[in-house]
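Examination of the molecular architecture
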Amino acid sequence: MKLSIVTINRNNAAGLVRTIDSVRSQDFRDFEHIVIDGASTDGSVEAIRARAGALQYWVSEPDAGIYAAMNKGLRKAQGEYVQFLNSGDWLSDGQVLDRVF
């Protein structure tokens, strides 16, 4: 696997949807998408569940903050490269990863 995309989230359901949908829209497919959610209470978990088919791994549980969540994602990552694309960030079009790789 070429790329692991790690998304961390805490109570940003709308941003998370935009992030996941932008990753799902990519033409390049040699990646895994990992979502680490910090026990959100705003509908984020429901948004993740609705898009779980596009994710290779996700978890929603309390953690010790942003860096603990990032490290949790890194431990799960299996790609040759890792990209952090946090909740609310997005890939600007469906060919971004194609152009990179």
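Preceding this paragraph is the structure being described.
Residues numbered from 1 in each chain as written. Predicted model: local features only at pLDDT ≥ 70, side-chain atom pairs only at ≥ 80, totals over all residues. Heavy atoms only, no water.

**A short note on the overall build of the chain**
Across its full length, the chain carries four helices and four strands. In sequence order, the chain lays out its α and β elements as β-α-β-α-β-α-β-α. Compactness check: the chain gives a C-alpha radius of gyration of 12 Å against a globular reference of 13 Å for 101 residues, within 12% of the reference. Taking the principal axes of its C-alpha atoms as reference, the chain extends roughly 35 × 25 × 20 Å. (Helix = DSSP H or I, 4+ residues; strand = E, 2+ residues; numbered from the N terminus. Rg over C-alpha atoms; globule rule 2.2 N^0.38 Å.)

**Quick look at the sheet that holds strand S4 (residues 81-84)**
Strands sit in the order S3-S2-S1-S4 across an open sheet of four strands; the sheet is parallel. Of all strands in the sheet, those bounded by a partner on one side alone are strand S3 (57-60) and S4. The mean inter-strand angle of the sheet, taken between neighbouring strand axes irrespective of direction, is 15°. Relative to strand S2 (residues 31-37), strand S1 (residues 3-9) runs parallel, the two sharing seven bridges. Counterpart to Ser4 in the pairing with S2 is Glu32. Sitting on the sheet, helix H1 (residues 13-24) is in contact with S1 and S2, with an inclination near 170° to S2. Strands in contact with helix H3 (residues 66-76) are S1, S2, S3 and S4; relative to S2, the strand with the most contacts, it is inclined by about 145°. (Pairing = 2+ DSSP bridges. Axes fitted to C-alpha atoms, helices over the stretch in contact; angles between N-to-C directions. Contact = heavy atoms within 4.5 Å.)

**Section: the environment of Ile8**
For Ile8, the location among the structural elements is in strand S1. By relative accessible area, Ile8 is classed as buried at 8%. The spatial distance from the C-alpha of Ile8 to the C-alpha of Val59 is 10.0 Å, given a sequence separation of 51 residues. (Buried < 20%, exposed > 50% of the residue type's maximum accessible area, 1.4 Å probe, protein only.)

**Looking at the side chain of Ser22**
Mapped onto the secondary structure, Ser22 falls in helix H1. On the basis of relative accessibility, which here comes to 7%, the residue Ser22 falls in the buried class. A polar side-chain atom of Ser22 sits 2.9 Å from the main-chain carbonyl oxygen of Thr19. (Polar contact = N/O pair within 3.5 Å; in protein donor to acceptor, adjacent residues only side chain to side chain.)

**A short note on H1**
Taking 1.5 Å of rise per residue, 12 residues should cover 16 Å, and H1 covers 16 Å from first to last C-alpha, within 8% of that figure. Buried within H1 are the following residues: Ala13, Gly15, Leu16, Thr19, Ile20, Ser22 and Val23. Buried-residue contacts for H1 involve S1, S2 and helix H2 (44-50). (Expected span 1.5 Å × (residues − 1).)

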